[in-house]
Each structure stands twice: as C-alpha cells, then as structure tokens.
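Here is what each chain is made of, one letter per residue.
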Amino acid sequence: MYLSKDQTKKNKVTCIRNRADVIYNFKVSFFTMSQLSNFPWNFLERELENDSSSEIILDILKQTCLHPLCCKHPPSVRYRRLFLSQLIKRHEASEREPLDELYDALGEVLGVEEGTECYKSYLLPCGEAVSLSESTAVISEGTTGLVTWEAALYLAEWALENTHVFTDRTVLELGCGVGLTGIAVCRSCYPSSYVFSDCHLSVLHRLRDNIQLNGLDNQNSPRVCVEHLDWEEVTEKQLREIRATTVIAADIVYDPDIIGCLVKLLSKILRCSANGSPPDVYISSTIRNTDTYNSFKHQLESSGIQHEVMTGPVTHVLFYNRQATIEMIKLYI
C-alpha cells in the first residue's frame, strides 16, 4: 500500500511517540520497583527486531540504572540485578554486539551488598519525584507501615485531582506510614499545614527521614509536623488543638482487632469542629477481607457515622498494582 508523505511523517512521529512512551514506562516502573513481568518487554523485543541498532537499550539504561535519580535514591540491589539481567537477556536474544554499558552496570550492582532499606520514587505530574526510603521487607520491626500500599497511592492520585479539598487547609493524616500521600499533597495541593501521624515509633523515624529527603523540613509553606498519635489514648483536647479541617487515611482498615478504637477515634474527630464545622474525613481502603471491611462500616453506622462512597474515575498518574479492590469513602455525622 502506498503511503503519502504526510502519512509517512505521521507514522514516524507516532512511532517515536510510542517509543518515548515505552521508555518512560520503563523509567517509572523501575523507580517504583514494579513487578518485572509488568514491564513492556514485548514492545522492546519488537523494537529490537525492527531496528538494527541498540539505541533503545541504551536509552532505557540511561533512564533507569544510569539516571541521576538512581545514583541518589536507588531501588534495592536485588531489584536492580534482576532488572539488568532481564535487559541483558533481551539484548543477547537479538544477537547484537555486546554493550559494555550493560555489563558495566551489572558488574557495579553485583559488587554492592544488599541492605535492609531501599528507595522508591514516584514521578508527579509537575515533574518532581517523591522519593521514599522503605524497608525491603513487607513486615519489618513489627509493623507493615515501612512500605507504601496501594490505597495510599490511590489516595495520592485522588488528592492530585481534588486539590480544593486540601488547599489552604490544615490536614491531619492518620496512619501515614512512610509518607507518600502526605508528601504528594504537600508538593501539589498547597495545604496551609500538614500533620503526619502514626503510632509506631519506627515508622515515625522513617517518616521524618522521608520528609527531610523531600525537602519539606526547611520550607515555610506548608507547615509540616510529625505527631505520635495513639488511637486509644488521644483525647478530644489534643484533636482540637490540631484544628484539622481535612482528615485523611489510607489502608488503616485491615485488622478486626483495631476497628473498635478506630471508629471511636473517627467519632471524636468528627465531633471536634474547627471554625464551627466538622472536618472533611476521607478513608481509602484496599478491601482484602470483605468481612473486616463490612464490620468497619457496620460499626461506623452504629456510632452514628454515615459514609458516602466516592465514585468516578481517577487519572492514572502513579505506577502500582491496580488489580487490588480499593474503595474511597467520605464520613460525616
């Protein structure tokens, strides 16, 4: 079939755009330590079949292991080894000349000892990255709060689309973990002040490191503070002193043993009005066990707390596993 000059130019531009999108996909997936099986390997293999050069391999390498962000805040050693092994496997299968840059990168990683911490970096629409120090283990130091969970990522995406809920407000986050949602809100939603809270001292220590890592400790706006907040012991007086106008939380509904004290806390918060009005309260949850989640909703209702499920699409900005069932609700009395 004959293609006009304009069609040929359009196809070339589309190809370049698709190629750039795929390289970007590799980049964001790498820095969030996504499962390697989710990378666009099929596209890379097709590119290698149709292009005699190894340019795309070098471009991917420059946007991942050789990127300045990787030098500053690298993913785990094991993850980088596995990623480079997969990249080398695809390159060798194309029967091209070996690339020194690939083997140099692998050699460098093989010489590094694996630690107990690594970094995940999430690229925001504004072009900045939120980099987090996380534990390489899902459960560490007796808590699951040293890693970022899907509900926090969903809440961050929702916040980026609903900045009015946070702009010029005092925000309290419950069970903030390593700080992904809060740092994203502080960077992009312009709250007047932000209170990160958790009850695990090891989580709060990591959180303070991440706040400093992302430069939120040396700026005037928003005002940022970290609070040790024990759900069972916190008083209404303490909550009133925070004067929160927006309260958020992600992935705090997972243990049936703590639902009772969580609901009591939420009841206190909704009755601690700031400027004469109760705060807006939003909870983002990954529904792992429907019985546990339904018990949470039932206890909310028994305590006189109503909820509204927040529906509507959320633009996919951050890379994470979207197979999980996540629900966002707004609470009110």
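The coordinates are above.
About the criteria used
- Residues numbered from 1 in each chain as written.
- Predicted model: local features only at pLDDT ≥ 70, side-chain atom pairs only at ≥ 80, totals over all residues.
- Heavy atoms only, no water.
- Buried < 20%, exposed > 50% of the residue type's maximum accessible area, 1.4 Å probe, protein only.
- Helix = DSSP H or I, 4+ residues; strand = E, 2+ residues; numbered from the N terminus.
- Pairing = 2+ DSSP bridges.
- Axes fitted to C-alpha atoms, helices over the stretch in contact; angles between N-to-C directions.
- Contact = heavy atoms within 4.5 Å.
- Phe/Tyr/Trp six-rings, centres within 6.5 Å; stacked < 30°, edge-to-face > 60°.
- Lys NZ or Arg CZ within 6 Å of the ring centre and 35° of its normal.

Comments concerning helix 8 (residues 180-188)
Thought 1: Where burial is concerned, most of helix 8 is hidden: eight out of the nine residues are buried.
Thought 2: Within helix 8, the full set of buried residues consists of Leu-180, Thr-181, Gly-182, Ile-183, Ala-184, Val-185, Cys-186 and Ser-188.
Thought 3: Trailing helix 8 by a residue or two, Tyr-190 shows a phi angle of about 55 degrees, which is positive.

What to know about the sheet that holds strand 6 (residues 246-250)
Thought 1: The sheet built from seven strands is open, its strands ordered 5-4-3-6-7-9-8 with mixed pairing. At either end of the open sheet lies a strand with only one pairing partner, and these are strand 5 (223-228) and strand 8 (306-309). For this sheet, the mean inter-axis angle between neighbouring strands, taken without regard to orientation, is 20 degrees.
Thought 2: Bridging between strand 4 (residues 193-198) and strand 5 involves six bridges; their strand directions are parallel. In the strand pairing of strand 5, Phe-196 is matched with Val-226.
Thought 3: Strand contacts of helix 9 (residues 201-213): strand 4 and strand 5, with the helix running at about 165 degrees to strand 5, the strand carrying the most contacts.

Describing the packing of aromatic side chains
Thought 1: Enumeration according to the criterion identifies 12 aromatic pairs in this entry.
Thought 2: Where Phe-30 meets Phe-31, the ring centres are 5.1 Å apart and the plane angle is 80 degrees; that geometry is what we call edge-to-face. Comparing Phe-30 with Phe-31 shows no difference in burial state: the two are buried.
Thought 3: Aromatic side chains Phe-30 and Phe-83 sit 5.0 Å apart centroid to centroid with 55 degrees between the ring planes, which places their arrangement in the tilted category. Placement of the pair is Phe-30 in helix 1 (residues 5-31) and Phe-83 in helix 5 (residues 77-93), with a sequence separation of 53 residues.
Thought 4: Through pairs of rings, three or more aromatic residues link up here, namely Phe-26, Phe-30, Phe-31, Phe-39, Trp-41, Tyr-79 and Phe-83.
Thought 5: The ring centre of Tyr-320 lies 4.1 Å from the NZ or CZ of Arg-322, which sits over that ring.

Re unusual backbone geometry
Peptide bonds are trans in most cases, and residues, glycine excluded, mostly fall at negative phi.
Thought 1: If you check the backbone angles, Met-33 has positive phi at about 55 degrees while not being a glycine.
Thought 2: If you trace the backbone, Met-33 turns up in the loop between helix 1 and helix 2 (41-50).
Thought 3: One non-glycine residue, Tyr-190, lies in positive phi territory at about 55 degrees.
Thought 4: Relative to the helices and strands, Tyr-190 is located in the loop between helix 8 and strand 4.

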